[in-house]
Amino acid sequence: MPPAKPARERILDAAHELMLTVGLARATTKEIARVADCSEAALYKHFASKEELFIRVLSERLPRLTPLLRGLTAEPGRAPLEENLTEIAHQAALFYEQSFPIAASLYAQTQLKRRHDEAMRELGTGPHLPIEGLDTYLRAEQAAGRVSADADTFAAASLLLGACAQRAFAYDATPTGVRPPADAFARRLSRTLLAGLR
């Protein structure tokens, strides 16, 4: 029998599971602690608030976009630009696909959304950071001569990540209710974006 996971890991796993199944608004710290097989006091020992727990679930349990962007920015020109943009779009599509069901309930309750926005500002995080990170990467590629000097890198970053976010819910109402596969979607998106960047 494998050793029990540390309490922090069990809490993150439980929060991720509950946020996916019942939504962020209904996933109480009491229920998260119960599923994690620990006390609510133990939960608060590791996480200051439900907002912080939500942010940690997003950053530690979903596809990791920020480390990818940092790595690419540190080494512009390391791989073909289209390959890099495809990987970014693929990771972003998966991140938004997995985070949308968790975060959707934020938009149903104004006070909850306000509280989470305030917590994100206090923790120095938020949904704007991937756009800023991608903009930084594209500017590094611009400096390396692989992106046109007159390309609007911030607009390009906003377009790519906005399309990935839209994929998370825009296709639910189609006749099939099936969103395009993340890998094919990412390839098409990066090729189209690259045409404008060059």
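Residues numbered from 1 in each chain as written. Predicted model: local features only at pLDDT ≥ 70, side-chain atom pairs only at ≥ 80, totals over all residues. Heavy atoms only, no water.

1. Details of the overall build of the chain
Thinking step 1. Along the chain, the regular secondary structure elements total ten helices and zero strands.
Thinking step 2. For the chain, the α and β elements follow one another from N to C terminus as α-α-α-α-α-α-α-α-α-α.
Thinking step 3. Along the first, second and third principal axes, the C-alpha set of the chain runs to 55 × 40 × 40 Å.
Thinking step 4. Across the 198 residues that make up the chain, the buried fraction comes to 40%.
Thinking step 5. Long-range pairs, those at least 24 residues apart, make up 68% of the contacts in the chain with a sequence separation of at least 6.
Thinking step 6. Element-wise, carbon and sulfur atoms account for 55% of the exposed surface of the chain, whose accessible area totals about 10700 Å².
Thinking step 7. Taken as two groups, the 25 positive and 24 negative side-chain charges of the chain have centres that lie 3 Å from each other. (Helix = DSSP H or I, 4+ residues; strand = E, 2+ residues; numbered from the N terminus. Buried < 20%, exposed > 50% of the residue type's maximum accessible area, 1.4 Å probe, protein only. Contact = heavy atoms within 4.5 Å. Areas by Shrake-Rupley, 256 points an atom, 1.4 Å probe, with all protein chains shown as cover. Lys, Arg positive; Asp, Glu negative; His and termini not counted. Charge placed at Lys NZ, Arg CZ, Asp CG, Glu CD.)

2. Observations regarding helix 10 (residues 182-197)
Thinking step 1. Given a rise of 1.5 Å per residue, 16 residues ought to cover 22 Å, and the 22 Å separating the end C-alpha atoms of helix 10 matches this to within 8%.
Thinking step 2. Of the residues making up helix 10, those classed as buried are A182, F185, A186, L189, S190, L193, L194 and L197. The buried residues of helix 10 occupy one face: seen down the axis, they fall within an arc of 155°. Away from its buried face by more than 90 degrees, helix 10 exposes R188, T192 and A195. (Expected span 1.5 Å × (residues − 1). Arc of directions from axis to C-beta.)

3. Let's talk about the packing of helix 9 (residues 153-167) against helix 10
Helix-helix packing: each pair is described by the crossing angle between the helix axes and the interaxial distance.
Thinking step 1. Between helix 9 and helix 10, the least distance of the axes is 11 Å, while the angle of their chain directions is 160°. As far as their axial angle goes, helix 10 and helix 9 are roughly antiparallel. Where helix 9 crosses over helix 10, the two elements pack in a sense that is right-handed. Contacts from A156, L159, L160, A163, C164 and R167 in helix 9 reach A182, F185, L189, L193 and L197 in helix 10.
Thinking step 2. Counted by class, the contact of helix 9 with helix 10 contains ten nonpolar, no polar and one charged residues. (Axes fitted to C-alpha atoms, helices over the stretch in contact; angles between N-to-C directions. Parallel < 35°, antiparallel > 145°, perpendicular 65-115°, else oblique. Left-handed = near helix turned anticlockwise from the far one by under 90°. Nonpolar A, V, L, I, M, F, W, Y, C, P; charged D, E, K, R; others polar.)

4. As for unusual backbone geometry
Thinking step 1. A positive phi angle, near 60°, is found at D37, a position not held by glycine.
Thinking step 2. Considering the arrangement of structural elements, one finds D37 in the loop between helix 2 (29-35) and helix 3 (40-46).

5. Thoughts on the nonpolar core
Thinking step 1. Formed by 54 residues in total, the largest nonpolar core has its most connected members in I32, F54, I88, L134, L160 and C164.
Thinking step 2. Of the residues forming this core, the biggest block, ten residues, is contributed by helix 6 (residues 81-103).
Thinking step 3. Each residue touching L134, except ones within four places of it in the same chain, is listed here: L69, I88, A157, L160 and L161. (Core = buried A, V, L, I, M, F, W, Y, C linked by side-chain atoms within 4.5 Å.)

6. What about helix 8 (residues 128-143)?
Thinking step 1. Relative to the 22 Å expected for 16 residues at 1.5 Å per residue, helix 8 spans 23 Å between its end C-alpha atoms, a close match to the ideal helical length.
Thinking step 2. All of the buried residues along helix 8 are P130, G133, L134, D135, Y137, L138, A140, E141 and Q142.
Thinking step 3. Of the surrounding elements, those touching the buried residues of helix 8 are helix 5 (65-74), helix 6, helix 9 and helix 10.
Thinking step 4. Following helix 8 by one or two positions, G145 has its phi on the positive side, about 85°.

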